[in-house]
Amino acid sequence: MKIKDHNELFQQKEYIEQFERKKEFENCPSDEEVNKIAEWTKTEEYKELNFKRQHIKINPAKACQPLGAIFCASGFEGTMPFIQGAQGCVAYFRSHLSRHFKEPFAAISTSMTEDAAVFGGLHNMIEGLENAYTLYKPKMLAVSTTCMTEVIGDDLNAFIKQAREKGVIPEDLLVPFAHTPSFVGSYITGYDNMLKGILSKITSGKKAEQNDKINFIMGFNTYTGDYFELKRLMNMLGVKYTILADVSNIFDSPNTGEYKLYPGGTPLDDTIDSINSMATFALQKYSTQKTMEYIAKQWNHKTAVATPIGIKNTDSFFDDICSIAGRQIPKEIEDERGRAVDAMIDSHPYVHGKRFALVGDPDILIGLVSFLMEMGGIPVHIVCTIGDKKFEEDMNNLLNSSPFGVEGKVYIGKDMWHLRSLMFTEPVDLLIGNSYAKFLWGDTGTPLVRIGFPLFDRHHLHRYPIIGYQGVINLVNWIVNTILDEMDRKTMNTTSFDVIR
Amino acid sequence: MSTAIKDTQKMIEEVLDAYPEKTKKDRAKHLAANDPSGQCGSCQVKSNVKSRPGVMTVRGCAYAGAKGVVWGPVKDQITISHGPIGCGQYSWWSRRNYYNGKTGIDTFGTMHITTDFQEKDIVYGGDKGLYAAIHELKELFPLAKGIGILSECPVGLIGDDIEAVAKKTAKELGIPVVPVRCEGFRGVSQSLGHHIANDTIRDYVLGKGKMEQETPYDVALIGDYNIGGDAWASRKMLEEMGLRVIAQWTGDASINEMGIANKAKVNLIHCYRSMNYICRHMEETYGIPWVEFNFFGPTKIYQSIRKIASYFDDKIKENAEKIIEKYKPMMDSVIEHFKPRLEGKKVMLYVGGLRPRHTIGAYEDLGMEVVASGYEFGHNDDYKRTYPDMKEGAVIMDDATLYELEEFTRRLRPDMVGSGIKEKYSYHKMGVPFRQMHSWDYSGPYHGFDGFAVFARDMDMTVNSPTWDLIRRKK
């Protein structure tokens, strides 16, 4: 039976006519007026006006601290993210993560309402801890906050202490906490704060003899494929490791016909013992700054930061790991490198000289720009809503390191409406960004390669690694085949509709 | 008391056993065995009260109700998420309130616009920034017909005066600037946000629109958010009946339509929960009668068409019969095709707004039975409208928790569950066929004749997908 849904229904004549009739009541501007303004928004004049704005964000690539905090918290064994604050926030965080990963995500809120705003959230915290502990039996409750809690100034430490004194949770239940106000930083800050909160709390007093493990911190990395890839590579290298906040099984759990509330995460014993590892390695910089600072100061072991996206970055990542762990790169990994480079060489004619606009988070942008320049691509507009001055400086240094970087300009604190102006006044060939960047694709016709977070409108992309040499092959695949698809679409009715490319 | 009711009550008690004493006592008031007759005193659930902390409620907040549901879909207004960055980000085009227009030029529905509060705004207040933001927006978007200020939690806590900013800027710019006090900590759920939004429609836009001429057949379509094109499918039927839909609230709505509904002869309301307030206001102030209707599934559609027609003259009544006659063969063929595949299947629903009761008839048209239903943010009047539509002993849930939903599913063994995105993937893991009944799982429309075919197709693919059988390896 042929059934038409919204994709076809509303293109039908009867609906098109309905839409015309509806205009009588809409008091909408004329087509001429709309077209005139539409053309004006593409001009240099509009761009200047757009860049003048100081007080409003339009289509920003940014979300708030607690999202990053609960993402991080979920990555530990038996841990329930517990948000002291209003319940709507938690409903939003859970929806947001589920829409990206297509996975369930559990998190607790203390449902603070007007009375808590007046009297503080102590009662909510105590009852919330009791209910959450009794009902969902967590091994750890990782507490973060919403903006409401931060504005009224709830004292988490004191509240948790009182809950213990009242006996609603056991004396030895792990309840680390972090203050994560939404009006400071973004989800990468929240990730950092929560991780530091958890590690500092549960490793406290556990310093013993150093072992031969390496800790890895992935940062606010939403590619579950990256976690599995890192484990595979470390197993190949023979390095013993602990991934701190290992969210891989949380956001990519096997379907067994049984719903598990706690499907994975870093074992708590390993987390406690992470203070005794020989080194800690962060795979993102901007989302781990406070945690890495804390570890460097307190844990008395080596620390390193490198994001292995692209060939050179992956090379130096392996150099660092091998030097810390005293290992040689095995032939299998050298072979993987060879295959990745081979793929880049095979595809380079389609990427060389192509101009790119990018929007996303700082660590991923640094990795992608480096990779694109390795292939002869030209990064032009680089928009990072949540980037800071340090990121701007790092990105400029990277751009200055390659002749392909000369056109690149980095925009921190800007949003996708700024990028729209840039893409109209200085068009590019390809756009890289999250699902919301599809509106830029729609407006400017520039094809979109979906890399980043959130990815709502394509399935499974997060399952593929973007780190390591395997990650390079995935990036080449997505980018070159988007270019070829677009080439086919544009040449479909010409002689250039080639079968061999 | 019947055995069906007793059995269900026993099951509910078992489920409640896991709670700490105080919470157990509270939750017991929100779960009941259905008694369609309304005789059984203990079968009425308590509703619209605070969720218990720590139980994992599915509910959202007042901002979600005001911005996400009511004001967000108004297409030619710029809706500012006023406060920190998150709320606007997480509610960005997630409800699929379809609209026609050129986004960023004369319409703004798929955009996320926010004042992105920083610490200095919390300390010194956000009013100055808001004032400047509104001017910046009007410069960049000269065709905007209105601006909405949708407050997030901190705005109310730090004592900002957004009403003053709205008043000043409305005067300066000559368009409505609507301050909406929908801070997330207000009320107990989305529901208060709907009410607050309704009140601002009343105070800032209603009665201020332009309409050239009136006819005796003017109606307003209220409480249809055009999810996946729902309102368009409903409008098509109303127009075929000979009615003139002068305003669509708020799916694909324009500010002008928000301003002329008071000129309707009858207000037709689909989602009672979110917009009954404004219908009552228009009844009291303008004497406009309002009628609740249900455009899910042919049985309810036929009843509703006749009910709506009863407010008009014979011409409309005749048209009502004509369109029933016209579409009945199409509806019958949909049922004939899908009913054999769905007959006898049990459905559990946990949704919001109108769906926990309004979709029951559509499932029944396909031979399915709703064995449990519940509302995230329903009130007493919603439940009163639900009891008669459910079988005796069915489970009624108010503000259910993740734990309860999982337990009821284990015990009732429904063949499919209809709920939201937060519930969807835990059901996938359980191997229970699942359909999102907020967003139609990115399908739709589900309203009207055109929508029922899509609904039937979607329920079939949910229940009868071969993927469910792959979970356990066949020996």
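Student: Mind showing me how you'd approach the overall build of chain B here?
Tutor: The helix and strand tally for chain B stands at 20 helices and 14 strands. Relative to its length of 475 residues, chain B is compact, with a C-alpha radius of gyration of 23 Å against a globular reference of 23 Å. Buried positions account for 69% of the 475 residues belonging to chain B. Long-range pairs, those at least 24 residues apart, make up 72% of the contacts in chain B with a sequence separation of at least 6.

Student: Sorry if this is basic, but what is going on with the overall build of chain A here?
Tutor: Broken down by element type, chain A carries 22 helices and 13 strands. What you see for chain A is a C-alpha radius of gyration of 25 Å, in line with the 23 Å of a compact globule of 501 residues. Along the first, second and third principal axes, the C-alpha set of chain A runs to 75 × 65 × 55 Å. Sequence-distant contacts in chain A: of pairs separated by 6 or more residues, those separated by 24 or more amount to 74%. Entry remark: accessible area of chain A is about 19,100 Å², with carbon and sulfur atoms responsible for 50%. Where the 53 positive side-chain charges of chain A centre and where its 64 negative ones centre are 0 Å apart.

Student: What should I look at first to understand the pairing of strand β12 (residues 430–433) of chain A in this one?
Tutor: Where a strand is regular, its side chains alternate between the two sheet faces. Residues and elements named next belong to chain A. Of the two faces of β12, the one holding Leu 430 and Ile 432 and the one holding Leu 431 and Gly 433 are both buried throughout. Where strand β9 (residues 355–359) and β12 come together, 3 bridges link them in parallel fashion. The residue of β12 that forms the bridge with Ala 357 is Leu 431. Examined bridge by bridge, β12 and strand β13 (residues 448–450) share 3 bridges and lie parallel to one another. Opposite Leu 431, over in β13, you have Leu 448 as the bridge partner.

Student: It is not clear to me how the interface of chain A and chain B should be interpreted in this structure. Could you clarify?
Tutor: Interface size, as often reported, equals the accessible area lost upon joining of the parts. Taken together, the contact between chain A and chain B spans 98 residues of the former and 113 residues of the latter. For the pair chain A and chain B, the summed buried area comes to about 9,100 Å², and 62% of that belongs to carbon and sulfur atoms. At the junction of chain A with chain B, the criterion picks out 14 salt bridges. Lys 22 of chain A is the partner of Glu 257 of chain B in a salt bridge, and the nearest nitrogen-oxygen pair spans 2.8 Å. Linking chain A to chain B there are 45 residue pairs in polar contact (both at pLDDT 80 or more).

Student: Would you explain the packing of helix α10 (residues 230–240) of chain B against helix α14 (residues 314–342) of chain B in this entry?
Tutor: A packed helix pair is summarised by two numbers, namely the angle formed by the two axes and the spacing between the axes. Residue and element names in this part refer to chain B. In contact at an axis separation of 9 Å, α10 and α14 are set at 125° when each is read in the N-to-C sense. Between α10 and α14, the interaxial angle falls into the category oblique. From α10, Lys 236, Met 237 and Glu 240 reach across to α14, where they touch Asn 319, Ile 323, Lys 326 and Tyr 327. The class makeup of the residues in the contact of α10 with α14 is 3 nonpolar, 1 polar and 3 charged.

Student: Is there a simple way to think about helix α6 (residues 127–140) of chain B in this case?
Tutor: Because each turn of an α-helix spans 3.6 residues, side chains separated by three or four positions in sequence point in the same direction. In a regular helix each residue adds 1.5 Å, so 14 residues correspond to 20 Å; α6 of chain B covers 20 Å between its end C-alpha atoms and thus fits that length. All buried positions along α6 of chain B are accounted for by Gly 129, Leu 130, Ala 132, Ala 133, Ile 134, Glu 136, Leu 137, Lys 138 and Leu 140 of chain B.

Student: Explanation requested: the state of the cysteines in the structure shown.
Tutor: When the sulfur atoms of two cysteines share a covalent bond, that bond is a disulfide. All names here are of chain B. In this structure the tally under the stated criterion is 1 disulfide over all chains. Between the sulfur atoms of Cys 40 and its disulfide mate Cys 43 the distance is 2.1 Å. The sign of the S-S torsion, about 80°, decides the handedness of the disulfide formed by Cys 40 and Cys 43: right-handed. By relative accessible area, Cys 40 is classed as buried at 13%. We classify Cys 43 as buried; its relative accessible area is 2%.

Student: Which parts of the structure should I look at to understand the packing of helix α4 (residues 44–52) of chain A against helix α20 (residues 416–425) of chain A?
Tutor: All names here are of chain A. Contact pair α4 / α20: the axes reach a minimum separation of 9 Å and the direction vectors enclose 155°. Taken together, the axes of α4 and α20 lie roughly antiparallel to each other. The chirality of how α4 crosses α20 is left-handed. For the pair formed by α4 and α20, the contact residues are Glu 44, Tyr 46, Lys 47, Asn 50 and Phe 51 on the first element and Trp 417, His 418, Ser 421, Leu 422 and Thr 425 on the second.

Student: Even after reading the chapter, I still don't get the sheet that holds strand β6 (residues 218–224) of chain B, so can you show me in this structure?
Tutor: The strands that make up a sheet are held in pairs by hydrogen bonds between backbone atoms, and each pair lies either parallel or antiparallel. All names here are of chain B. Strand order in this open sheet of 4 strands is β7-β6-β8-β9, and the pairing throughout is parallel. A single partner strand is all that each edge strand has here, and the edge strands are β7 (244–250) and β9 (290–292). In this sheet, adjacent strand axes meet at a mean angle of 25° when their direction is disregarded. Of the pairings in the sheet, the one linking β6 to strand β8 (residues 266–269) comprises 4 bridges and is parallel in character. Across the sheet, the residue bridging to Ala 220 is Asn 267, located in β8. Most of the contacts of helix α12 (residues 272–286) go to β8, to which it runs at about 170°, and overall it touches β6, β7, β8 and β9.

Student: Is there a simple way to explain the pattern of salt bridges in this structure?
Tutor: Opposite charge on two side chains makes pairing possible when the charged atoms of those side chains draw close. Residues and elements named next belong to chain A. With the rule as written, the count across this model stands at 74 salt bridges over all chains. Across the pair Glu 17 and Lys 13 runs a salt bridge, and its minimum N-O distance is 3.3 Å. Taken together, the positions of Glu 17 and Lys 13, both in helix α2 (residues 13–26) and 4 residues apart, correspond to about one turn of that helix. According to the relative accessible area criterion, Glu 17 is partly exposed, its value standing at 35%. A residue is classified by how much of its surface remains accessible, and Lys 13, at 64% relative accessible area, is exposed. The partner of Glu 336 in a salt bridge is Arg 232, and the shortest N-O contact between them spans 2.8 Å.

Scoring rules and cut-offs
Residues numbered from 1 in each chain as written. Chains lettered and ligands numbered in written order. Predicted model: local features only at pLDDT ≥ 70, side-chain atom pairs only at ≥ 80, totals over all residues. Heavy atoms only, no water. Helix = DSSP H or I, 4+ residues; strand = E, 2+ residues; numbered from the N terminus. Rg over C-alpha atoms; globule rule 2.2 N^0.38 Å. Buried < 20%, exposed > 50% of the residue type's maximum accessible area, 1.4 Å probe, protein only. Contact = heavy atoms within 4.5 Å. Areas by Shrake-Rupley, 256 points an atom, 1.4 Å probe, with all protein chains shown as cover. Lys, Arg positive; Asp, Glu negative; His and termini not counted. Charge placed at Lys NZ, Arg CZ, Asp CG, Glu CD. Pairing = 2+ DSSP bridges. Buried area = accessible area lost by both parts, 1.4 Å probe. Salt bridge = Lys/Arg side-chain N within 4 Å of Asp/Glu carboxyl O. Polar contact = N/O pair within 3.5 Å; in protein donor to acceptor, adjacent residues only side chain to side chain. Axes fitted to C-alpha atoms, helices over the stretch in contact; angles between N-to-C directions. Parallel < 35°, antiparallel > 145°, perpendicular 65-115°, else oblique. Nonpolar A, V, L, I, M, F, W, Y, C, P; charged D, E, K, R; others polar. Expected span 1.5 Å × (residues − 1). Disulfide = S-S within 2.5 Å. Left-handed = near helix turned anticlockwise from the far one by under 90°.

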